[in-house]
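Chain and residue survey
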Amino acid sequence: MSLRRAAAGAVAAALAAIVLGGAGTAVAAEDPAEIVIGHSVQGREITARHLGDPAAPVQLVVLGQMHGNEEGGRKVVTELLDSAIPAGVGVWVVRSLNPDGYEADTRVNAHGVDLNRNFPAAWREQRRGTQMWSGPRAESEPETRAMRHFVERVRPAALISFHQAFDLVDIT
């Protein structure tokens, strides 16, 4: 079994254990629904694909890539797309919030903003001119606004964001 498949399986098992207390039967997603949740600075689509039961009382969001040069999470969510989803759970998979950064193989979006630091929670302008610039104001970037609107609409029980640089996973 590949490391990516093991990681995706571990995420699915962890989601089931956290949300369902270890109970429930896994079900395979049939034809996942994909929607456009927004566009990047350069007009690339940001999409979310739904797996599992769309009417499930528990919805989760899994973000594979916040920083364009961190591809590890994209690989994990690709494996997740082929995984069985626990009954009673819906999972929204966003492969990349930063398609411009991915195409340019850089951490930041096309405006040079670190999207991770552009969300409004405890926002402050920091590190202008670096790969960690938070932007001129909270939610100044279309990618950040797209994710906020999407999360407000889906209202997930949890959002899991993969980050590769320090081998960590954020659960918020």
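Residues numbered from 1 in each chain as written. Predicted model: local features only at pLDDT ≥ 70, side-chain atom pairs only at ≥ 80, totals over all residues. Heavy atoms only, no water.

A few words now on the nonpolar core. Burial of nonpolar side chains together is a common tendency in soluble globular proteins. In this structure, Leu51, Leu60, Val62, Leu80, Ile85, Val91 and Val93 are the most contacted members of the largest nonpolar core, which totals 15 residues. Of all the elements in the fold, those that place two or more residues in this core are strand S4 (58-63), helix H2 (72-80), strand S6 (89-94) and strand S7 (158-163). Formed by 14 residues, the second largest nonpolar core is a distinct cluster that contains Ala48, Val61, Leu115 and Leu159. (Core = buried A, V, L, I, M, F, W, Y, C linked by side-chain atoms within 4.5 Å. Buried < 20%, exposed > 50% of the residue type's maximum accessible area, 1.4 Å probe, protein only. Helix = DSSP H or I, 4+ residues; strand = E, 2+ residues; numbered from the N terminus.)

Right, let's get into the packing of aromatic side chains. With the rule as written, the count across this model stands at one aromatic pair. With a centroid separation of 5.4 Å and 85 degrees between ring planes, the pair formed by Trp92 and Phe150 is classed as edge-to-face. Within this pair, whereas Trp92 is found in strand S6, its partner Phe150 is found in helix H4 (residues 142-154), the two being separated by 58 residues in sequence. Considered together, Trp92 and Phe150 belong to a single accessibility category, that of buried residues. In this structure, Arg74 packs its charged tip against the face of Tyr102, placed 3.7 Å from the ring centre. (Phe/Tyr/Trp six-rings, centres within 6.5 Å; stacked < 30°, edge-to-face > 60°. Lys NZ or Arg CZ within 6 Å of the ring centre and 35° of its normal.)

Right, let's talk about the pairing of S4 for a bit. The buried fraction of S4 amounts to six of the six residues, a majority that puts the element mostly inside the structure. The side-chain alternation of S4 yields two buried faces, one formed by Val58, Leu60 and Val62 and the other by Gln59, Val61 and Leu63. Summarising the sheet, S4 and S6 pair through six bridges and their orientation is parallel. Bridge pairing in S6 places Leu63 opposite Val94. Note that S4 and S7 share four bridges and pair parallel. When the sheet's bridge partners are listed, Val61 is paired in S7 with Leu159. (Pairing = 2+ DSSP bridges.)

Attention shifts here to the environment of Ile85. Counting through the fold element by element, Ile85 comes out in strand S5 (residues 84-86). Relative accessible area serves as the criterion here: at 1%, Ile85 is assigned to the buried category. Separated by 32 residues in sequence, Ile85 and Asp53 have C-alpha atoms that sit 8.5 Å apart.

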